[in-house]
Amino acid sequence: MRRNLQDSGRLRPIDLARGHGLSTQAIRNYEAAGILPGAERTPHGYRTYTRLHANALQAFLALVPGHGHQTATSIMQAVNRDATEEALRLIDESHAQLLDDRRTLRAVEAALHDLSPVPPERGDTFVGPLSRRLGIRPATLRKWERAGLVQPRRDPRTGYRVYRAADVRDALLAHQLRRGGYLLEQIAPLIAQVRSAGGVAPLESMLRDWRARLSARSRAMLTGAAALDAYLGCRPVGGRPNAAPAAPGPLRPAG
């Protein structure tokens, strides 16, 4: 059977799995999820795969570091149902998010340079308007308050939370750092440091790490794009294969 599969250009699940440190169950799961195109079956019901499936697997695994597992899955599902435009839209959205994250990083850096004095704002604000400004739920602001990220005062007459200019600044900075992937327990001491006007030195290493992770993600997107382009190039269109670029190195059944 092994020789027949090799001679016919067919691969077993284990042949796909071993080259990437995966299990054969993972390969079956990827097929069931639409990440891989459907496999053919032998007369005895065994799945057989081809170079097309190998390219699909390589494309998916290359997309994950830059786009995340969920988006990479959606991209491959769209490609495999011939909805290429939808796949490209998802990729564009990821790039737009990366650009937005870069802008967020620059905004954090700018905010850190302008923390003192607090820019004057007209009047105070409340939890509803501030949550809308940040694009989060009011419950998130209350969670941040419990974690010490924001410290609004209470209106003595109504009991409502009142956010002053410094509180808004802390909320904006917390929101930006959350977008950077940091946990509440990591952010709280930094906000406290900022609040006490003790300098921004504790944030410098965090910002360097954030910038490095954005650069790594950007490079990963390039790698994913190349692998996906190779897969798109060998997929059948209108019943015929594309004029595909050369497939990556040979992937042979395990001996």
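Residues numbered from 1 in each chain as written. Predicted model: local features only at pLDDT ≥ 70, side-chain atom pairs only at ≥ 80, totals over all residues. Heavy atoms only, no water.

1. Considerations on the pattern of salt bridges
Turning to step 1, where the next piece is worked out: Across all of its chains, the model carries 13 salt bridges by this definition.
Turning to step 2, where the next piece is worked out: Across the salt bridge formed by Arg169 and Asp170, the nearest N and O atoms sit 2.8 Å from each other.
Turning to step 3, where the next piece is worked out: Take Asp170: its relative accessible area is 2%, and that puts it in the buried class. (Salt bridge = Lys/Arg side-chain N within 4 Å of Asp/Glu carboxyl O. Buried < 20%, exposed > 50% of the residue type's maximum accessible area, 1.4 Å probe, protein only.)

2. Some remarks on the environment of Asn80
Turning to step 1, where the next piece is worked out: Tracing the backbone shows Asn80 in helix 5 (residues 69-80).
Turning to step 2, where the next piece is worked out: Considered as a pair, Asn80 and Gly34 are 46 residues apart in the sequence and their alpha carbons are 6.9 Å apart.
Turning to step 3, where the next piece is worked out: Residues in contact with Asn80, not counting those within four places in the same chain, are Gly34, Ile35, Leu36, Pro37, Tyr231 and Arg235. (Helix = DSSP H or I, 4+ residues; strand = E, 2+ residues; numbered from the N terminus. Contact = heavy atoms within 4.5 Å.)

3. Some words on the side chain of Glu31
Turning to step 1, where the next piece is worked out: Here Glu31 lies in helix 3 (residues 24-33).
Turning to step 2, where the next piece is worked out: A relative accessible area of 17% means that Glu31 is categorised as buried.
Turning to step 3, where the next piece is worked out: Looking at Glu31, its side chain comes within polar contact range of the side chain of Arg47, at 3.0 Å. (Polar contact = N/O pair within 3.5 Å; in protein donor to acceptor, adjacent residues only side chain to side chain.)

4. Structural notes on unusual backbone geometry
Turning to step 1, where the next piece is worked out: The phi dihedral of Asp82 is positive, around 65°, even though this residue is not glycine.
Turning to step 2, where the next piece is worked out: As for its position among the elements, Asp82 is in the loop between helix 5 and helix 6 (84-113).

The values are spatial; any link to function lies outside them.
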